[in-house]
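# Architecture at a glance
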Amino acid sequence: MGTTKITAPLIFAVSVATIGSFQFGYNTGVINAPEAIIKDFLNYALEEWSETPPSSMLLTFLWSLSVAIFSVGGMIGSFSIGLFVNRFGRRNSMLIVNLLAIAGGCLMGFCKIAESVEMLIVGRLVIGVFCGLCTGFVPMYIEEISPTTLRGAFGTLNQLGIVIGILVAQIFGLKVILGTKDLWPLLLGFTIIPAIIQCAALPFCPESPRFLLINRKEEEKAKEVLQRLRGTKDVAQDIQEMEDEREQMSQEKQVTVLELLSAPNYRKPIVVSIMLQLSQQLSGINTVIYYSTGIFKDAGVQEPVYATISTGVVNTIFTVVSLFLVERAGRRTLHLTGLGGMAFCSILIMISLLLKTDYSWMSFICIVAILVFVAFFEIGPGPIPWFIVAEFFSQGPRPAAMAVAGCSNWTSNFLVGLSFPLATLYLGAYIFIFFTIFLIIFWVFTFFKVPETRGRTFEEITRAFEGKLQTGICGEEDPIPEMNSIQPTRDINA
């Protein structure tokens, strides 16, 4: 990863921050394994309350609500990012909101003892708000404490935390561990433990030096933090970059979400940010994972839950691969590679699903296509949309931008989760035609509109979006292709 020094304080701070990403992944995946057991609890609790068995429609509705309310909480949380980070700072915001994780974990963990359906649903809502906030806090904090040449690699750790969280939830959900009739409340309440660990560790992590210098105007403190994170006394270049950004910020006030959406100079980066979030959620990844259980079963795997875990392992492995590639190949290149590979695999999955009843070996082709599809997702569309948004904006509009991008991700996630079971029911394998079309559209958009941010300062990226990039190339109406054609200021391969 070049000559940039990676220090113990930097690794510690990034690792502690990614506990929030782990929480997001864990609480996303934890509800799936004990589905049948939780439905039995809902049936028992409602019957005890009303003294009559609930209808199957009511039971299905409450189960769906228990799952979907998490995304609703995520939308609320992601839209509230700016309320915290501008007032309390990046680190302190992560510390404060762990109270939500502990409250949500307690509600879910004790709902069975209280025989309360309401506690389960409210607990899922509260933990969703917490995770929505984390999807903004964690990438923002990591981006602001990382050296320019390592922003992408450390930014990918956010996604690594998410996929490890999902994998741990899948493993803990096995019947031999916590996925039983008696222990499932512990499975849901486990989220309290990472929250307590993060609360204990965060006071030993530094506040974002960008927040200290630009927002709080505490230059000496920011310099001390940078020296500690970089492991050197010479941090003049970083300080100068922040000073330049502060000078630019002095000409603009703190940006709200409404101002971000209405201001012409922010239109390009916010549209690109939203499209990148949509490219993640409309890629078909959720549908592929949904199909994987049945396909592995058709191929002779006796316990389909192990098929789900295998996709989690592939998720984790290729997120690590992306971590090492992102500062060499670049964000844009990896995103294009991921989208293109997923489009090809999507067609292959559809064909093999349609033919697997006629040709048994097609099930194995489908398994390979699914695993490769997941691998391509984690190379590009999985990790990159989360952290690249923080690179598109300067310190002033960054919190509002993270809020809008996060909210669009959670909203599209919610709508996909709500609509794809019905779409699958009517379309079957042909649903992958639509995902292929989406992937091609996002590939074309990325090729023409998404800038390469590898090795570039926040100021350079902002100026490119504003059309002020000066490279000696005249006649360019759109500065994005121009920016992608020149070498970054700080090339780690140099």
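Residues numbered from 1 in each chain as written. Predicted model: local features only at pLDDT ≥ 70, side-chain atom pairs only at ≥ 80, totals over all residues. Heavy atoms only, no water.

## Some points on the state of the cysteines
Cysteine pairs can be linked by a disulfide, which is a covalent bond between their two sulfur atoms. Which entries qualify depends on this criterion: Note on disulfides: each one is a pair of cysteine sulfur atoms within 2.5 Å. Per-residue accessibility, obtained with a 1.4 Å probe over protein chains only, is compared with the maximum for each type, and a residue is labelled buried under 20%, exposed over 50%, and partly exposed between these values.
Scanning all chains against the criterion turns up zero disulfides. Cys 106 takes part in no disulfide bond, and the closest cysteine sulfur to it belongs to Cys 111, at a distance of 12 Å. Residue Cys 366 stays outside any disulfide, its sulfur separated by 10 Å from that of Cys 345, the closest cysteine. Overall, the relative accessible area of 0% leaves Cys 366 in the buried class.

## As for the packing of helix 19 (residues 331–355) against helix 20 (residues 362–379)
Quick reminder of the rule: Geometry is summarised by axes, namely lines fitted to C-alpha atoms with helices restricted to the contacting stretch, and by angles between N-to-C directions that run from 0 to 180 degrees. Helix and strand assignments follow DSSP, with helices taken as H or I runs no shorter than four residues and strands as E runs no shorter than two, numbered in order from the N terminus. With respect to orientation, any angle under 35 degrees is reported as roughly parallel, any angle over 145 as roughly antiparallel, any angle of 65 to 115 as roughly perpendicular, and every other angle as oblique. Crossings are sorted by hand: turned counterclockwise from the far helix by less than a right angle, the near helix makes the crossing left-handed, and turned clockwise it makes it right-handed. Contact between two residues is taken to exist if any of their heavy atoms lie within 4.5 Å; hydrogens are not considered. The classification used treats Ala, Val, Leu, Ile, Met, Phe, Trp, Tyr, Cys and Pro as nonpolar, Asp, Glu, Lys and Arg as charged, and all other residues, Gly among them, as polar.
For the pair helix 19 and helix 20, the least separation of the axes is 8 Å and the interaxial angle reads 160 degrees. In terms of orientation, helix 19 and helix 20 fall into the roughly antiparallel class. In the crossing of helix 19 with helix 20, the sense of the turn from one axis to the other is left-handed. Note on element contacts: helix 20 touches helix 19 through Met 362, Ile 365, Cys 366, Ala 369, Ile 370, Val 372, Phe 373, Phe 376, Phe 377 and Ile 379, opposite Leu 334, Thr 337, Gly 338, Gly 341, Met 342, Cys 345, Ser 346, Leu 348, Ile 349, Ser 352, Leu 353 and Leu 355. When grouped by side-chain class, the residues that make up the contact of helix 19 with helix 20 number 17 nonpolar, five polar and no charged.

## Some remarks on the confidence of the model for the chain
Test applied: pLDDT is a per-residue confidence score from the predictor, ranging from 0 to 100.
Taken over all residues, the pLDDT of the chain has a mean of 87, while the share at 70 or more is 91%. Considering each helix and strand of the chain separately, the mean pLDDT is smallest for helix 25 (residues 479–485), with a value of 59, and largest for helix 11 (residues 192–201), with 98. Note on residues 470–476: pLDDT is under 50 here. Beyond four places in sequence and across chains, it has six contacts.

## Considerations on helix 4 (residues 56–78)
Cut-off, in case you're wondering: One less than the number of residues in a helix, times 1.5 Å, gives the span that helix is expected to have. The bend reported for a residue corresponds to the angle between axes fitted to the seven residues ending at that residue and the seven starting there.
The end-to-end C-alpha distance of helix 4, which contains 23 residues, comes to 33 Å, matching closely the 33 Å that a straight helix rising 1.5 Å per residue would cover. The largest bend in helix 4 amounts to roughly 30 degrees and is located at Val 67.

## Topic: the packing of aromatic side chains
Operational definition: Between 30 and 60 degrees the pair is tilted, below 30 it is stacked and above 60 it is edge-to-face, where a pair is any two Phe, Tyr or Trp rings, Trp via its six-membered ring, whose centres lie within 6.5 Å.
Within the structure shown, the criterion is met by 14 aromatic pairs. Between the aromatic rings of Tyr 26 and Phe 190, the centroid separation amounts to 5.3 Å while the plane-to-plane angle is 45 degrees, which identifies the pairing as tilted. Of this pair, Tyr 26 sits in helix 2 (residues 19–29) while Phe 190 sits in the loop between helix 10 (184–189) and helix 11, and the two are 164 residues apart along the sequence. Between Phe 84 and Phe 137, the ring centres sit 6.0 Å apart and the planes meet at 65 degrees, which makes this aromatic pair edge-to-face. Of this pair, Phe 84 sits in helix 5 (residues 81–88) while Phe 137 sits in helix 8 (residues 117–145), and the two are 53 residues apart along the sequence. Clustering of aromatic rings is evident, with ring pairs tying together Phe 22, Tyr 26, Phe 172 and Phe 190.

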